[in-house]
Every structure is written in C-alpha cells, then in structure tokens.
Amino acid sequence: MCNYRRLLINTPSFTFFVDGDACPVKDVIYVIVKRFQLNTILVSASPIKVQPFIKNHVVKAGFNSADDWIAEQINKNDLLATADIELADRALKKHAYAIDFKGGVFDDDNIGRYKASRDLMGVLRDTQFDFEKKIRPRTTKDSSEFANGLNNVIQKIIRKIEKENLNKQFEENRKSDQ
C-alpha cells in the first residue's frame, strides 16, 4: 500500500514538446503546463519569449529543422502539440502522443485519414480546383476545445504511466517474494 501511495504522489514524468513557430495556443499551453507542472520544451527556429517554467529550444534555420529535432528527442509517452501531420506521424511511430492546435488527438487509427485529407487538398490546389478556403480567426471556443483536448490527453498519459509503474512495482515485489 505504501508503494502505491508513493506512485500516486509523484506525478509521472514525460516531456511535452510544442512545435512553436506557428503555435496559436501558447497562452492556453502555459496555463495547463503550469497546472500540471509538466517538463515542456517549445521548439522554434528563432527565440520566443516563454514563461519561466518552459524551455525554448531554438534550432538551426533550415527546412524541417524543428521537426527533425523533435522527432529525434521525443520518446514513448511524451506529448507533442503540432499542426504538422507528418511530425505527428513520426511521434506516433515512437509511441508518443500528438495533438493538433484544435484539440484533435492524432492516433494510429486516424493519422491515415489526416494524411489523405491533406493530400487531397494538395491535389485540389495543384489542379486549381475552384474552392474557397475561408480562414476564420480563432475564437475562445477554439481555445477551449484545445484546452479540453490537451487536458484529456495529459490525463490519459498520466493514467497510463501510473499503471505501467504500478505493474512494474508489482512484478518487482512478486519476484522478491519468490
């Protein structure tokens, strides 16, 4: 029982990576990161002013430099916030979690649909198909949806890590009892 309480007191550790150059929800991220006290790295091509509890990692300028750095650093159970579908896919392949800036969670079941949709839109643009993409400004509802999605995925990661730690502790105790 004592070991179980110790596991619950210590918040599971994972790193939250933010693809920061075009991130429209930095303020929402700051609030949630502070609440959960997450190790957070905002990755960008140029310095970005961040809260003192967040690290800004500046990569060398170059095509996909930030994406490549994140893909190299991210590990199992880490979390990534990005609008880049390819980067989200790279994170998923390393058994990490990924969320877009609208609050949608990328996973193995839907990443193919995200890619297909992106590819279709590219083909339509290339063929100059007559469609109008209306870009609307972000609203507080958009920020709320992102905050809800981020809270949910953080809770999911914490529960998963706690369960893994509990199972590991159980196995260690079982082996020492033999």
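Residues numbered from 1 in each chain as written. Predicted model: local features only at pLDDT ≥ 70, side-chain atom pairs only at ≥ 80, totals over all residues. Heavy atoms only, no water.

## Let's talk about the pattern of salt bridges
Part 1: Across all of its chains, the model carries 6 salt bridges by this definition.
Part 2: Among the ionic pairs, K76 bridges to E164, the shortest N-O distance being 3.6 Å. Within this pair, whereas K76 is found in the loop between α3 (65–73) and β4 (79–81), its partner E164 is found in helix α6 (residues 140–177), the two being separated by 88 residues in sequence.
Part 3: By relative accessible area, E164 is classed as partly exposed at 29%.
Part 4: Salt-bridge contacts for E171 lead to R174; the nearest nitrogen and oxygen are separated by 2.7 Å. Within this pair, E171 and its partner R174 are both found in helix α6, separated by 3 residues, close to a single helical turn.
Part 5: A relative accessible area of 37% places R174 in the partly exposed class.
Part 6: Three or more residues joined by partner-sharing salt bridges are found here, namely K76, K160 and E164. (Salt bridge = Lys/Arg side-chain N within 4 Å of Asp/Glu carboxyl O. Helix = DSSP H or I, 4+ residues; strand = E, 2+ residues; numbered from the N terminus. Buried < 20%, exposed > 50% of the residue type's maximum accessible area, 1.4 Å probe, protein only.)

## Section: the sheet that holds strand β2 (residues 39–44)
Part 1: Reading across the sheet, the 6 strands line up as β3-β2-β1-β4-β5-β6 and stay open at both edges, with mixed pairing between neighbours. Single-partner strands in this sheet number two, and they are β3 (55–58) and β6 (105–106).
Part 2: Two strands pair when backbone bridges link them, and strand β1 (residues 15–19) and β2 are joined in this way by 5 bridges, in the parallel orientation. Each residue of the ladder has a partner; that of F16, found in β2, is T40. (Pairing = 2+ DSSP bridges.)

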